[in-house]
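# Residue-level structural notes
Take a look at the letters that make up each chain.
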Amino acid sequence: MKKWIFVLAFLAAPLAAQDQDLGQPAPEGGQVETTGTEASGEDAEGGLVFTVTDESDWADLSIAIPGFAADRDVATPANSRGTAALGVEIANVITANLQNNGLFQPIGPARLPQPAFAQITDPAWGNWRGRGAEMLVHGYVRARADGRLVVGCYLYDVALQDELVREGWVVPPSDWRRAAHKCSDIIYARLTGESPFFDSRIAYIAETGPKDRRVKRLAIMDSDGANHRFLTLGSATALTPRYSPDYSQLLYLSYVDGNPRLYVYDIGTGRQTLVTQSSNPTFAPRWSPDGRTILYSMAVAGNTDIYSVPASGGRSTRLTDTPGIDIGGSYSPDGRQIVFESDRSGSQQCYVMNADGTNQRRITFSGGRCANPEWSPRGDQIAFTRIAGDFNIAIMSPNGRNLRVLTSGWQDEGPTWAPNGRIIQFFRTERNSGRSGLWQVDLTGRNERRLPTPVDASDPAWGPILP
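Below is a short write-up of the structure.

Rules behind the numbers
Residues numbered from 1 in each chain as written. Predicted model: local features only at pLDDT ≥ 70, side-chain atom pairs only at ≥ 80, totals over all residues. Heavy atoms only, no water. Pairing = 2+ DSSP bridges. Helix = DSSP H or I, 4+ residues; strand = E, 2+ residues; numbered from the N terminus. Disulfide = S-S within 2.5 Å. Buried < 20%, exposed > 50% of the residue type's maximum accessible area, 1.4 Å probe, protein only.

Taking strand neighbours across the sheet as the criterion, the four strands line up as 10-9-8-31 in an open arrangement whose pairing is antiparallel. Strands with a single pairing partner mark the edges of an open sheet, and in this sheet they are strand 10 (229–230) and strand 31 (456–465). Note: strand 9 (residues 215–222) against strand 10, two bridges, orientation antiparallel. Looking at the pairing, Ile-220 lines up with Arg-229 of strand 10.

If you want it as structure tokens, here you go:
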């Protein structure tokens, strides 16, 4: 196929903060440091300890997660009741994380005895075997003189009485949940052999107000819905956020005075830069895997095509030029291909092309329509919105085969992948009420979970693992 290249006018001058509709910069907390783990003594410098057991199937694995112990119960800004109560909260977060991915059967601290501090590195094996636990998570919380917290995490194989992994972190009190997520991540990675995803964040569009005057703000939160923050004020409509591959920036579409503009928001500083703007309708901005290029769709004279532009600003390149509507480009993890939707065949279907716009080919032929395609971080699946009466989340191989429908809601759309490619986030609109919220589903389709948001939610984007 012939490659079509067109040049668009570009504006690179930054706008004033008032015009950018910014709220207060999002606080990112302190740095989470990895430390050695011991149940007594001062913080030690040490590495991980691994003991390989077997390669059996970990599905439905019973994991006991009692409260994390405290060497001494002292006051901490992280919990008004002290470090002992904080240890229970950390265990609760880990339990919830492992419960909601469909692989494990965790038992949380409310149903378990609280281990003594000395038992963290010397478990009472008989007690845990008697409770039917196959795996055991122990941990501790210690307050340091500088106000920060040390959180240690241990995973044990109860049958073999072996320590599988240990790790520790030094965190500011405000980041105690990150320590819980990191503990969840090392457990998940050790037992499944897969990449983790709990210590990550989700951006989405927060919606309020009546349908004819809908206010749409950019918001972010942790992967479990905690630490929610609004990033924009709502005077300008925000749409379709996406994290940069290194987590440092958020790309999103904003309508200011009726004109669409693509912004890159720097998460660390709260500053944002205008990438491009136009008086033409603009849709679906997406990053390339290396963070150097941004895809977006724009309608000109009744024809909508996909364009690319350098993330730092510059001239835009037109990648498609077929009569109809081409929207929603998403790069493959290696950056060589782009999946997108188009109605060039007469109905809304999914296509794949090379990153330079060549070799455009249709991949969906199984009935229904295909929208919002998103390539998995693993590269082996494409998630999309399948429209066949209802709107549902489905996955398929990159060649369009092996289609599986994962959800059965009335209107489920906008899939976005967890960093490890095992969980899909989407938004669901309720029939009759029009209310929308964020949901997660695993690749089996059997495990759905709704994430809490303070207002209606749409257009989720799952970010990478935090640095």
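Two cysteines form a disulfide when their sulfur atoms are joined by a covalent bond. Scanning the model with the defined rule gives two disulfides in all. Each sulfur in the disulfide pair Cys-153 and Cys-183 lies 2.0 Å from the other. Its S-S torsion of approximately 60° makes the covalent link between Cys-153 and Cys-183 right-handed. Here Cys-153 is found in strand 6 (residues 149–157), whereas its partner Cys-183 is found in helix 3 (residues 176–192), with 30 residues between them in sequence. Just as Cys-153 is buried, Cys-183 falls in that class too. Linked covalently through their sulfurs, Cys-350 and Cys-370 form a disulfide whose S-S length is 1.8 Å. Negative torsions about the S-S bond denote left-handed disulfides, and the value of about -80° found for Cys-350 with Cys-370 makes this one left-handed. Placement of the pair is Cys-350 in strand 21 (residues 349–354) and Cys-370 in strand 23 (residues 369–375), with a sequence separation of 20 residues. Across this residue pair, the class does not change: Cys-350 and Cys-370 are buried. Counting only the cysteines that take part in disulfides, in the order they occur along the protein chain, gives the pairing 1-2, 3-4.

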